[in-house]
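Descriptive structure summary
Take a look at the letters that make up each chain.
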Amino acid sequence: YVAFDLNTKIVLSRNLITGQRASLEESIKEGFFSIGKMINWRGILVILYIALIGPLLGIGVSISATENLYIPTFISSVIQDSVIYSALAGAAMLLFLVVGIANMFILHGMIIDDLPIAEASKQSGQLIKANWKDYIKQNLVFIVLIVGSLTLIAVICLFLPLKLITMMPQGWLSRLLTVLFVTAGSAVSVLADLFGVPLYLLKMTQLYYSYKEGREVEYKYNERKEHSEYK
């Protein structure tokens, strides 16, 4: 599932950035069959981090099947009530965060450059170490843009209309408009959930190429489209 979910999205991101011609079916096949590179103890650790540890701690990139995992309340309450447990949990979360950031480009190295997982992990750590300031900056900018866009959409499409509806005379029209705008808000929330991780992986793939080449790499999808039309 990791190979199908994240690896395929990285393949699609690579194709968009480099202008590589490949059908959706070919991209899915490439992402799926990359699972062979993860059948080893390092790969199992990567999968466990992505599928379980990241979602539980609320950090890193996760797959859609497990993104809603959370620590049960009866466990989290025990941790919060103990200074020692809280300190240990904080230290563990910090450790996993550092490990996750250091290996952010491990899947990119395996898929894009066909590196063994050990070399991909080493390369990822080197890229992050050499570019950590820009990496943090790019992540903050991405988060601000996404959160700002969603907030603006929510205000325009949901909160303001619903506020105006409350000022209308109560009747079938106000009820109908309420249902329509609440449905629109739910649709926006679903779309944000669907496209959040793909957009983030697309940005991370662009950074991967930029950090490797030592310069900003632009998307070549438009160039490919124009070239195709010209031909």
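Computed from a predicted model, the values in this text were never measured in an experiment.

**Details of helix α1 (residues 2–18)**
Between the first and last C-alpha of α1 there are 23 Å, a value that for 17 residues agrees with the 24 Å anticipated at 1.5 Å per step. For α1, the buried fraction is high: 12 of the 17 residues fall into the buried class. Every buried residue belonging to α1 is among V2, A3, D5, L6, N7, T8, I10, V11, S13, R14, N15 and I17, and all of these are buried. Just downstream of α1, G19 is the residue with a positive phi angle, here 80 degrees.

**Overview of the nonpolar core**
In this structure, L6, F105 and L107 are the most contacted members of the largest nonpolar core, which totals 35 residues. Of all elements in the fold, only α1, α3 (41–57), α6 (106–112), α7 (117–166) and α8 (172–213) reach the threshold of two or more residues within this core. Here this core takes 9 residues from α8, the largest share from any one element. In contact with F105, not counting residues within four places along its chain, are S124, L127, I128, M204, L207, Y208 and Y211.

**What about unusual backbone geometry?**
Residues other than glycine seldom take positive phi values, yet D114 does so here, at roughly 55 degrees. Among the secondary structure elements, D114 is positioned in the loop between α6 and α7. For D114, a relative accessible area of 53% gives the class exposed.

**What about the confidence of the model for the chain?**
Should pLDDT be low for a region, the predicted coordinates there are not to be read in detail. Looking at the chain as a whole, its pLDDT mean stands at 83, while 94% of the residues score no less than 70. By mean pLDDT, the top-scoring element of the chain is α6 (93), and the lowest-scoring one is helix α9 (residues 221–230) (46). Throughout residues 222–231 the model reports pLDDT below 50, and contacts reaching past four residues in sequence, or to other chains, amount to 7 contacts.

**Considering the pattern of salt bridges**
Across all of its chains, the model carries 6 salt bridges by this definition. When the shortest N-O distance is used, the salt bridge between K9 and D5 registers 2.6 Å. Placement of the pair is K9 and D5 together in helix α1, with a separation of 4 residues, close to one helical turn. For D5, a relative accessible area of 6% translates into the label buried. In this structure, R14 engages E30 in a salt bridge whose closest nitrogen and oxygen atoms are separated by 2.7 Å.

Analysis parameters
Here, residues in each chain are numbered from 1, in the same order as that chain's written sequence. Totals for whole chains, interfaces and linings use all residues, but because this is a predicted model, local features are given only for residues with pLDDT of at least 70 and pairs of side-chain atoms are given and counted only at 80 or more. In computing side-chain values, all of the structure's heavy atoms are included and hydrogens and water are not. The helix count covers DSSP runs of H or I at least four residues long, the strand count covers runs of E at least two residues long, and both are numbered beginning at the N terminus. By definition here, a helix of n residues has an expected span of 1.5 Å times n minus one. Only protein chains enter the accessibility calculation, which uses a 1.4 Å probe. A residue is then buried if its area is under 20% of the maximum for its type, exposed if over 50%, and partly exposed in between. Here, nonpolar core refers to any group of buried Ala, Val, Leu, Ile, Met, Phe, Trp, Tyr and Cys residues whose side-chain atoms link them within 4.5 Å. Note on contacts: a residue pair is in contact if any heavy atoms of the two residues lie within 4.5 Å. pLDDT expresses, on a scale from 0 to 100, how confident the predictor is about each individual residue. The working definition used for a salt bridge is a side-chain nitrogen of Lys or Arg within 4 Å of a carboxyl oxygen of Asp or Glu.

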